[in-house]
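Report on the structure
Chain by chain, the residues run as shown.
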Amino acid sequence: MMEERYTTLRSQLMERLDSSREFTDTEILETIDELVLASSHENYLPLEQKHELRQELFYSVRRLDILQELIEDTTVTEIMVNGPEHIFLEQNGHIRRWEKRFASREKLEDVIQQIVGKCNRVVNERTPIVDARLSNGDRVNVVISPVALDGPILTIRRFPKHPITMDSLIQRGSITKEAADFLKMLVQARYSMIIGGGTSAGKTTFLNALSNYIPRQERIITIEDNAELQIQGIDNLVRLEAKMANMEGNVSISIRDLIKSALRMRPDRIVVGEVRSSECIDMLQALNTGHSGSLSTAHANSSADMVSRLETMVLMGMNLPLEAIRRQIASGVDILVHLGQMADRSRKVLEIMEIDGMEGQEVRLRPLFLWEEEKGLIKKQTLRHTKKLERAGICV
């Protein structure tokens, strides 16, 4: 009975709101109250059910339906919706099933369309996979039919309301103070770095923390598929986001397009949220043409694997000899930082490697810090290439 009434009232609400102008939250709530009151005159509703219906209708239009409760819970770090009836969440490092469910597949689809629409993205049978974000920056991935067989799949990865700093990472044991101070010197001296790791290793979080070491007077351009970076304290900050083509005929703007454009915008540094594909060649060219100190992340299983991943991504966009690609990597990238998620689900810096030129036809890596069981992150060697530190007036 309540579900039928909800469906009827929501249909009436959407008709009232079908206008070219934007409605405020107050106006929407007033409209909902009118509809609920009129409905209760026809069929009596207890006060508690009126309140529940009011909230459900508002959340379906302005919020994320039943998921809004999880969004407002700061202890929830990941929300996984496997169709309307199966919702899982990660809370305090543990994954469990949530007792609530969407009333119908249509309600879940409404939430998905609401999310992607606000990001100027499109998800349909022709484009069944899309990445998006919530207004607060939380990362969203959507997969629908015909790819998803058991209903729409919605995954929301939460980000802290307040950006995590390097000090807080030190307190959590993710990195030692010695290693953090070392990286601070390198960032200030404009060493180019790529942060690697697997899914959920904390790459974006670490990149945000690392970016706090960038001198405040510099001009920074960030480039992302979905805007997630939370760079603080930089006045001259330009944020760029890639865009998919849509039904209205607007063309797509890729990461490659944005990197090329950024080079004409007089950046001191370029920060690419994540390198995934052929844009790697543009990133390396930027590093080799006077934009040292730039930062990025990429998926990899180790620092050594990162070199192979960079090679593969370059080959996705340009057919070059492997030796030429490796020389681009060796001359453009200074430092590789590798992160990992441990058995207890904590995130650690496992490797800090210096790229030490070429050895024959291979990129040579020097371990500066390595994670050891029962010892933690241990310093192994000192930095060999110190010219940038010297030019910056920083003493090692």
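Residues numbered from 1 in each chain as written. Predicted model: local features only at pLDDT ≥ 70, side-chain atom pairs only at ≥ 80, totals over all residues. Heavy atoms only, no water.

**Quick word on the overall build of the chain**
Within the chain, the secondary structure is distributed over 13 helices and 15 strands. Seen through its C-alpha atoms, the chain measures out along the principal axes to roughly 80 × 50 × 40 Å. Here the chain holds 396 residues, and the buried ones make up 50% of them. Residue pairs at least 24 apart in sequence account for 54% of intrachain contacts in the chain once pairs closer than 6 positions are excluded. By element, 48% of the accessible surface of the chain is carried by carbon and sulfur atoms, the whole surface being about 19,800 Å². (Helix = DSSP H or I, 4+ residues; strand = E, 2+ residues; numbered from the N terminus. Buried < 20%, exposed > 50% of the residue type's maximum accessible area, 1.4 Å probe, protein only. Contact = heavy atoms within 4.5 Å. Areas by Shrake-Rupley, 256 points an atom, 1.4 Å probe, with all protein chains shown as cover.)

**Description of the pattern of salt bridges**
For the structure shown, the criterion picks out 27 salt bridges. The salt bridge partner of Glu362 is Arg326, with a shortest N-O separation of 3.4 Å. Placement of Glu362 in strand β14 (residues 362-372) and of Arg326 in helix α12 (residues 322-332) is noted, with a sequence separation of 36 residues between them. Lys375 is the salt-bridge partner of Glu372, the closest N and O atoms lying 3.7 Å from each other. Judged by relative accessible area, which is 60%, Lys375 ranks as exposed. One salt-bridge network, in which partners are shared between bridges, spans Asp356, Glu359, Arg364 and Arg384. (Salt bridge = Lys/Arg side-chain N within 4 Å of Asp/Glu carboxyl O.)

**Some remarks on the sheet that holds strand β1 (residues 76-82)**
In spatial order, the strands read β3-β2-β1-β6-β5-β4; together these 6 strands make up an open sheet with antiparallel pairing. Strands at the two margins of the open sheet, each flanked by one partner only, are β3 (94-97) and β4 (129-133). Geometrically, the sheet is characterised by an average inter-axis angle of 15° between neighbouring strands, direction not taken into account. Bridge analysis of β4 against strand β5 (residues 139-143) gives 5 bridges, and the strand direction is antiparallel. The residue bridging Asp131 from the neighbouring strand is Asn141, located in β5. (Pairing = 2+ DSSP bridges. Axes fitted to C-alpha atoms, helices over the stretch in contact; angles between N-to-C directions.)

**Focus: the pairing of strand β2 (residues 87-91)**
Within β2, 4 of the 5 residues are buried, which leaves it mostly tucked inside the rest of the structure. Direction of pairing for β1 relative to β2: antiparallel, over a ladder of 5 bridges. The partner of Ile79 across the bridge, within β2, is Leu89. When β2 meets β3, the two strands line up antiparallel, connected through 4 bridges. Among the inter-strand pairings, Glu90 is bridged to a residue of β3, identified as Ile95.

**A short note on unusual backbone geometry**
For the bond running from Ser145 to Pro146, omega is 10°, close enough to zero to count as cis. Mapping Pro146 onto the fold places it in the loop between β5 and β6 (153-157). Even without glycine at this site, Arg345 takes up a positive phi of about 75°. For Arg345, a relative accessible area of 32% translates into the label partly exposed.

**Notes on the packing of aromatic side chains**
In total, this model carries 1 aromatic pair according to the counting rule given. With a centroid separation of 5.6 Å and an interplanar angle of 45°, the aromatic rings of Phe182 and Phe369 are classed as tilted. Pair noted here: Phe182 is in helix α7 (residues 177-188) and Phe369 is in strand β14, with a separation of 187 residues, a long-range link. When sorted by exposure, Phe182 lands in the same class as Phe369, which is buried. Positioned above the aromatic ring of Tyr191, the side-chain terminus of Lys388 is 5.5 Å from the ring centre. (Phe/Tyr/Trp six-rings, centres within 6.5 Å; stacked < 30°, edge-to-face > 60°. Lys NZ or Arg CZ within 6 Å of the ring centre and 35° of its normal.)

**What to know about the pairing of strand β12 (residues 335-341)**
Burial within β12 is extensive, with 6 of its 7 residues counted as buried. Sheet topology note: the strand β7 (residues 193-197)/β12 ladder contains 4 bridges and is parallel. Its bridge partner being in β12, Gly196 is matched across the sheet by His338. With 7 bridges connecting them, β12 and strand β13 (residues 347-359) associate as antiparallel partners. By the bridge assignment for β13, Ile335 is matched with Glu354. Between the end of β12 and the start of β13, which pair antiparallel, lie 5 residues, with Arg345 showing a positive phi angle near 75°.

**Things to note about the packing of helix α11 (residues 303-317) against α12**
Relative to each other, α11 and α12 sit at 120°, their axes nearing to 10 Å. Viewed along their axes, α11 and α12 adopt a mutual orientation that is oblique. Along this stretch, α11 crosses α12, giving a crossing that reads as right-handed. In contact with Val307, Leu310, Glu311, Val314 and Leu315 of α11, α12 contributes Leu322, Ile325, Arg326 and Ile329. Residue composition of the contact of α11 with α12, grouped by class: 7 nonpolar, no polar and 2 charged. (Parallel < 35°, antiparallel > 145°, perpendicular 65-115°, else oblique. Left-handed = near helix turned anticlockwise from the far one by under 90°. Nonpolar A, V, L, I, M, F, W, Y, C, P; charged D, E, K, R; others polar.)

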